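Listed below, chain by chain, are the residues.
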Amino acid sequence: MLKRLPVVLLLTLNTLLAHAQFSILPPDAFLPHKVGTQFTDHASLVDYYRHVDNNSDRVKVIEFGRTWEQRPQILAIVSSPENLLRIEDIRLDNLRNAGILPNKGDQGNPIAIVWLGFSVHGNEAAGSEASMPVLYQLAFDGRPETAEWLKNTVVLIEPSVNPDGYSRYTDWYRQASPALPDPAPHAREHDEPWPRGRVNHYNFDLNRDWAWATQIETQNRLRVYNDWLPHVVADIHEQGYNDPYYFAPAAQPYHKYLTKWQTDFQVEIGKNHAKYFDRNGWLYFTKEVFDLFYPSYGDTYPCYNGAIGMTYEQGGIGAGRAVHLHNGDTLTLADRVAHHTATALSTVEISSKNAARLVQNFNDFYQKSRNNPPGEYKSFIIKRTNPISKIKAFAQQLDRLGIQYGKAGMAVTGLSGYDYTTGQEAKFALSENDLVVSAYQPKGLFAQVLLEPESAMVDSNTYDITAWCLLHAHGLEAYATKQRVDPSQQGYSLIEGTVGYPESTPYAYLAAWNAMDAARLLANWTKQGVVCRYAESAFRLEGRDWPAGTLVATRADNRKNPKFDRVVQTTATRLGLLVATAQTGFVDAGRDLGSDGFRLVKAPKVLVLSGEKTWNNEYGQVWFYFDKDIEYPATFMDADRLGRADLADYNVIVMPEGNYDFSESTLEKLGNWVSGGGKLIAIGEANASLAEKKGFALAKYVKSSDKDAALSEEDRHALDHRTALYKDRSRTSISDFNPGAVVRAKLDNSHPLAFGMKPYYFSLKTSGLRYDLLKDAWNVGYLEDNYKSHGFIGANVKKLLRNSALFAVQDKGRGQVVYLIDNPLFRSFWEEGKLVMSNALFLVN
């Protein structure tokens, strides 16, 4: 765990901070344009920060990582010259006071730590533009009030949270816009093309990735964030350009574990901002839309880590340099920069004036977490009977978040707790090798937020997912108990044993198919020409039981491959997997390795549809799955070209979520390709383009009587709401809304689409998308009449989803259509869903 700043930084601080302040150029003098008249390219933004660093004794800029496209991620550390000389002590004292490091930190001189993050959505670019005047105002020695603020405040400025997305947008805008800005809303400069700069290289929304840390930008950021643990965090955004400015306090729902201090001080911050907005006559609003519940935002992640986390939203998405508003006014980029500059500096001001209170309440937050964590469940037990690869993936996620865990180290019987597999209280035994996460730790509250089966919600009117339990996401057998159980030691050995491959050549290699590491193994073997089979049913070989889905690479299938043994063994070693060997194909029970019960894995030749008809985030999830999750090649083609493309080179087509609106001729071509031996995988809303279409088994209602009943229910609902109050319109619609909840589905794990899984699956359902159980197809995953759910689902939606399909496979000619109604790759953190996708890709044939 990184605890000290890089040696290079410390040496630089020691040598440079002794220098007097040189001439700092304001951004208008440094850039080729005035701030607010044109968008600045990312390289120039970084150059300006380094210019200030080189000429100010109040600023030190560090590079803490690189994006997927190798752009620098930088952080400016801003404080008084005296504080910068002892900046490492300030940082470490803060971690000591939080209990992250041993011993107590300095209590006599409280220093507030403020984090300002600009433009996590790259096309909300006024934030990054505003970061330059903010830095200048803090670094310039001609403003006495900022010098006073910095005596007891450290300001951490990340000028571009999403450098790749920011570059995509600003580069496009400078190319697409005329010399003079065109404020007409229909002008080209206000119509950004797909995939737009909101997202990063892989089209991920980084403002939904803080807790999941799937993206390199987030992983880099969390390392430096957790090395500081700031007290106040402002996440600076833009919204629709007709909307006034939004700042704290946030809207409900707040998570119940947030402290009174965290909610109350947001009001104080908001009033300080309002003082400046009132003085300038700027419109603003508070306490609406933007809540503090979903844990993976740039405001909630800090909240669950003890900070005052806030979102600021300036109207401006798509506004370019100027745009006409509905009220007849014209909003300029300069306006947007001025508003963001005001709230950013106001945040520093109010934090400085309340530094002692901030530090004390931050310390209290962590003391309570260590000694009296708020949640009902005090310990989380992950059974060692889980596949080691799943435990490893879970532990890696905890490591990124700074959540402590360890080995139980003892056996205890007669414990009781919540069984994550059944959703009921049950008795269980603690085993010596179980993994334990105790809530009695510095980040215990955060652990409870992420691991509890049900999140504490005070209001269901939210706009993001309401359930996210990581134990469901990783498909782990686990228990939550109200008793305190502490691990005997921190950390957990993930080495299952050592592989000793026999000197004699084995008859076959075998690997259990039960986690994503197995999918990575198969992807790598396939990519390198290893011929592999999978078992259609369980068997016993040389005294060991193997489940359905087990991968078997025989020497007979690979006799012409001179690299066979080396590829199999080195790939397994690189992935940390135990691959067993067998000296015979004659099984103890079940079917022999040479029987047709071991089916050949057909090497996927993959075509993924992309472009405007797909949703950028969801397309990115598929792209990331192939590029990074399994490192397997795929061709990406604009969906508009499907009708005229030669599909003969592909045996798998993946349809990410989107609205395809295929023509009849394209659908017929697609159907014929499937019948000829292709495999079509449709994800989420992409299924709507196949539903009710000739040759495809998917239908909203299989029986006309069910359709009539649903229409009658809609009529009854409309009649019952004829006298509904207009002011209650947002509330009355909630019953038809599913922002995102976890549902327990029944699985047929005898089908290859569910190999390696239990007879149930916790699915993250993010909409009310619903289809009947299919006729003449395999309904592999579905919701039963009395299915269990976690989080909020509107009453009407929950009823509608009964007896509906989640995953299904239609055999069509010599090919298959795989219907994944729930997106198993959502935000790339639902690990068990990735196994479903891997089954669809490799094993369904």
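Preceding this section is the structure that the text describes.
In this text, all values refer to a predicted model and were calculated from it rather than measured experimentally.

> Outline the overall build of the protein, listing residues and values.
In terms of helices and strands, the protein carries 24 helices and 36 strands. The C-alpha atoms of the protein give 28 Å as radius of gyration, which agrees with the globular expectation for 845 residues (28 Å, within 12%). Its C-alpha atoms put the protein at 85 × 60 × 55 Å along the principal axes. A buried classification covers 60% of the 845 residues belonging to the protein. Here the analysis covers contacts within the protein between residues at least 6 apart in sequence; of these, 79% occur between residues at least 24 apart. Total accessible area on the protein is roughly 32,300 Å²; 50% of this is exposed by carbon and sulfur atoms. Averaging the locations of the 90 positively and 97 negatively charged side chains of the protein gives two centres separated by 3 Å.

> Requested: an account of the packing of aromatic side chains, with residues and values cited.
For the coordinates displayed, the defined rule picks out 52 aromatic pairs. Their ring planes at 85 degrees and their centres at 6.2 Å tell us that Phe290 and Tyr463 sit as a pair that is edge-to-face. With Phe290 in the loop between β8 (284–285) and β9 (291–292) and Tyr463 in the loop between α15 (444–451) and α16 (470–473), this residue pair connects regions lying 173 residues apart in the sequence. A residue is classified by how much of its surface remains accessible, and Phe290, at 10% relative accessible area, is buried. With a centroid separation of 6.3 Å and 75 degrees between ring planes, the pair formed by Tyr294 and Trp468 is classed as edge-to-face. Taken together, the residues span a long stretch of sequence, with Tyr294 in the loop between β9 and α11 (300–304) and Trp468 in the loop between α15 and α16 at a distance of 174 residues. The exposure class assigned to Tyr294 is buried, which follows from its relative accessible area of 0%. Counting every residue linked through ring pairs, the aromatic cluster contains Trp212, Tyr246, Phe285, Phe290, Phe293, Tyr294, Tyr297, Tyr463, Trp468, Phe829 and Trp830. A cation sits over an aromatic face here: Arg744 above Tyr760, 4.5 Å from the ring centre.

> Pulling in residues and values, what's your account of the environment of Pro244?
Tracing the backbone shows Pro244 in the loop between β5 (232–240) and β6 (245–246). A residue is classified by how much of its surface remains accessible, and Pro244, at 30% relative accessible area, is partly exposed. Between the C-alpha atom of Pro244 and that of Gly315, which follows or precedes it by 71 residues, the distance is 5.8 Å. Residues contacting Pro244, with those up to four places away along its chain left out, are Gln239, Leu283, Tyr284, Phe285, Glu313 and Gly315.

> Could you give an account of the sheet that holds strand β26 (residues 598–600), naming the residues involved and the relevant values?
Across the sheet, five strands lie side by side as β25-β20-β24-β21-β26; this open sheet has antiparallel pairing. The strands lining the two open edges of the sheet, one partner per strand, are β25 (580–582) and β26. In this sheet, neighbouring strand axes are inclined to one another by 30 degrees on average, regardless of whether the strands run parallel or antiparallel. Relative to strand β24 (residues 551–554), strand β20 (residues 508–511) is paired through four bridges, and the arrangement is antiparallel. From the neighbouring strand, Ala508 faces β24, where its bridge partner is Thr554. Seen against the sheet, helix α18 (residues 564–575) touches β20 and β24 and runs at an angle of roughly 20 degrees to β20.

> Pulling in residues and values, what's your account of the pattern of salt bridges?
Under the definition given, this model contains 37 salt bridges. With a shortest N-O distance of 2.6 Å, Asp822 and Lys765 are connected by a salt bridge. In this pair, Asp822 is assigned in the loop between β36 (815–820) and α24 (831–843) and Lys765 in strand β32 (residues 760–765), connecting sequence segments 57 residues apart. Close ionic contact of Glu831 with Lys834 constitutes a salt bridge, the shortest N to O distance being 2.8 Å. Taken together, the residues span about one helical turn, with Glu831 and Lys834 both in helix α24 at a distance of three residues. We classify Lys834 as buried; its relative accessible area is 3%.

> An account of the environment of Leu575 is needed here, citing residue identities and associated values.
Along the chain, the position of Leu575 falls in helix α18. Of the residues examined, Leu575 reaches a relative accessible area of 11% and is grouped as buried. Placed 100 residues apart in sequence, Leu575 and Ser675 show a C-alpha to C-alpha distance of 36 Å. When sequence neighbours within four positions are dropped, the list of residues in contact with Leu575 reads Lys392, Asp517, Arg520 and Leu521.

> Quick one: what's the story with the packing of helix α10 (residues 260–280) against helix α13 (residues 355–371), residue by residue and with numbers?
Contact pair α10 / α13: the axes reach a minimum separation of 11 Å and the direction vectors enclose 160 degrees. Taken together, the axis directions place α10 and α13 in an arrangement best described as roughly antiparallel. In the packing of α10 onto α13, the handedness of the crossing is left-handed. Residues Trp261, Gln262, Phe265 and Glu268 of α10 lie in contact with α13, whose contacting residues are Arg357, Leu358, Asn361 and Phe365. Taken together, the residues of the contact of α10 with α13 sort by class into four nonpolar, two polar and two charged.

> Residue-level account of the pairing of β5, with values.
When you tally the buried positions in β5, you get eight out of nine residues, the bulk of the element. Pairing of strand β3 (residues 112–118) with β5, which is carried by five bridges, proceeds in the parallel orientation. The partner of Gly117 across the bridge, within β5, is Asp235. Of the strand pairs in this sheet, β5 and strand β10 (residues 308–317) are connected by nine bridges, and their pairing is parallel. Each bridged residue has a counterpart across the sheet, and for Gly240 the counterpart in β10 is Ile317.

> So what's going on with helix α20 (residues 664–675)? Residues and values would help.
Over its twelve residues, α20 runs 16 Å from end to end, which matches the ideal 16 Å to within 8%, given 1.5 Å per residue. Residues of α20 that are buried: Thr666, Leu667, Leu670, Gly671, Trp673 and Val674. Down the axis of α20, the smallest arc covering the buried residues is 160 degrees, so these residues share one side. The exposed set on the far side of α20, more than 90 degrees from its buried face, consists of Glu664, Ser665, Glu668 and Asn672. Following α20 by one or two positions, Gly677 has its phi on the positive side, about 125 degrees.

The rules we used
Residues numbered from 1 in each chain as written. Predicted model: local features only at pLDDT ≥ 70, side-chain atom pairs only at ≥ 80, totals over all residues. Heavy atoms only, no water. Helix = DSSP H or I, 4+ residues; strand = E, 2+ residues; numbered from the N terminus. Rg over C-alpha atoms; globule rule 2.2 N^0.38 Å. Buried < 20%, exposed > 50% of the residue type's maximum accessible area, 1.4 Å probe, protein only. Contact = heavy atoms within 4.5 Å. Areas by Shrake-Rupley, 256 points an atom, 1.4 Å probe, with all protein chains shown as cover. Lys, Arg positive; Asp, Glu negative; His and termini not counted. Charge placed at Lys NZ, Arg CZ, Asp CG, Glu CD. Phe/Tyr/Trp six-rings, centres within 6.5 Å; stacked < 30°, edge-to-face > 60°. Lys NZ or Arg CZ within 6 Å of the ring centre and 35° of its normal. Pairing = 2+ DSSP bridges. Axes fitted to C-alpha atoms, helices over the stretch in contact; angles between N-to-C directions. Salt bridge = Lys/Arg side-chain N within 4 Å of Asp/Glu carboxyl O. Parallel < 35°, antiparallel > 145°, perpendicular 65-115°, else oblique. Left-handed = near helix turned anticlockwise from the far one by under 90°. Nonpolar A, V, L, I, M, F, W, Y, C, P; charged D, E, K, R; others polar. Expected span 1.5 Å × (residues − 1). Arc of directions from axis to C-beta.

Honestly, that's just the spatial picture; any functional story needs more than this.
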